[in-house]
Every structure is written in structure tokens, then in C-alpha cells.
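Coordinates in review
Here is what each chain is made of, one letter per residue.
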Amino acid sequence: MSADRGIDEWMAARGLTLPEARSRTRAVLEEVGLTRPGRQRMSEPKLLKAAELLTERFFPVCAEGACLKVAQASGREPIRVEPRLHCERCGGSANRRAEVAFVETCQRYGVRRVVVVGGSPAVREELEEKLGHRIDLRMVDGTERRTADRARSDLDWADLVLVWGATELHHKVSGHYTHGGPAYSHKVVHVVRRGVAALLEEGITHLERTR
């Protein structure tokens, strides 16, 4: 016989901790007959069905405005989750929010090819992993020699160039990109803040200002 589990406990494990979210979830479960008013526990098979139902019906979302907009456009009913790590869009991570927003902004403005100049090997690897399947990325090691011709090739290829000055980046490398001439100034962003989220937010701001 399958063991029962507390409904409130199950909800909390899915981020449904706010009174409004619990009430709405409970109403849906009762509506389809998976539980009834006053009942506090459900069998595991019913909880599996409940999980499938909530996935189809709701978009778990945090309080971030950008996440809420995506939830509202999803075709599913937004439902607030807390802690925000349960948010379907950002997972509660500032980096992930920035990554998702950056990809969405690039797609909105037709930006497909992005060059990132600088950053540690670990960060470059992270960007490749998180963004490389959605955007064509070209990562430039800021500590290795880069010829002017190679940099010019990058500038010609890219729709957007992020020069990450607050990281491992030699001036002889960055100068090829930041002093490439007026023909490229509209696509080059010099980022002076640290962190992946800051890098991508600067890119978003630039695209929204210039496109």
C-alpha cells in the first residue's frame, strides 16, 4: 500500500508556501477530485497526478517583474512561489535571470553572434554552457596575444561585442576592440563591473538603448 504524505508538506517542497498560492492550488486539486475539503494527506500516486496537473495548469514564478511577464505570456496561470529558487524562469539565481533576459533580448533584436572579450576560464566555460546553445558565442581569452587582424575578424563577425574590463584582460587585447573605429562603435560595449549578471545586464542595456 502506498504511503500517504502531508499535502502542506508537498506544497512547501514545490515552493507553494504563500497563502494565496496554497489556496489556489488546493482549489484546483479539489476541483478535479484529487482531494476534498479538510483532507490533509494524499497518496503518492495521487500526488504524482497532482504534480502533472500543476505543471500543465500553472507557471511557478517569483516576484521579479521580468519573470512575471514571461509567466503571463506562457499560456499558463502564474502562481507565486517562495523561495524564488522554484521560479521556472530564473530558479532564484541572479546569473540565471540575467542569462535568460539576455537571450530574450538578443532574440528580440535579432542579435545572433556575440563576442565576449575577457573573463576567467571558468566564467567563459559557464557562459558557453549556459548561452552557447541559444546564441553563437565567440570567447576571447584576454590574457593571450590577439592580433589586430583576428580582432577585426571578430568585430566583423559579431552583432555585439562585450569587452569585460573588470576581469583578466590585457590592454593590448582590449584595445583592438575598443579602438576598432567608428564603424564598430555601435556594437562594442565596455563593461567595467564584475560578475556574469553585470556583464549581461550591460549588454541588455546597450541593445535596448541602440536598437
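Note that the coordinates shown come from a computational prediction; the quantities given were computed from them, not determined experimentally.

As for the sheet that holds strand β7 (residues 160–164)
With respect to topology, four strands assemble into an open sheet ordered β6-β5-β7-β8, the strand pairing being parallel. Looking at the sheet topology across the chains shown, the edges are occupied by β6 (136–140) and β8 (188–191). Neighbouring strand axes in the sheet, compared pairwise and without regard to direction, differ in orientation by 15° on average. The sheet contact formed by strand β5 (residues 113–117) and β6 spans five bridges and is parallel. Bridge pairing in β6 places Val115 opposite Arg138. Packed on one face of the sheet, helix α7 (residues 148–157) meets β5, β6, β7 and β8 and runs near 155° to β6. Each of β5, β7 and β8 is contacted by helix α9 (residues 196–210), which is oriented at about 140° to β7, the strand it contacts most.

Looking at the packing of helix α5 (residues 94–108) against helix α6 (residues 121–131)
The geometry of α5 relative to α6 is characterised by a closest axis approach of 11 Å and an angle of 55° between their N-to-C directions. Regarding the angle of α5 to α6, the classification is oblique. Crossing hand, α5 versus α6: right-handed. Between α5 and α6, the residues in contact are Asn95, Glu99, Phe102 and Val103 and Glu126, Lys130 and Leu131, respectively. Residue composition of the contact of α5 with α6, by class: three nonpolar, one polar and three charged.

Calculation rules
Residues numbered from 1 in each chain as written. Predicted model: local features only at pLDDT ≥ 70, side-chain atom pairs only at ≥ 80, totals over all residues. Heavy atoms only, no water. Pairing = 2+ DSSP bridges. Helix = DSSP H or I, 4+ residues; strand = E, 2+ residues; numbered from the N terminus. Axes fitted to C-alpha atoms, helices over the stretch in contact; angles between N-to-C directions. Contact = heavy atoms within 4.5 Å. Parallel < 35°, antiparallel > 145°, perpendicular 65-115°, else oblique. Left-handed = near helix turned anticlockwise from the far one by under 90°. Nonpolar A, V, L, I, M, F, W, Y, C, P; charged D, E, K, R; others polar.

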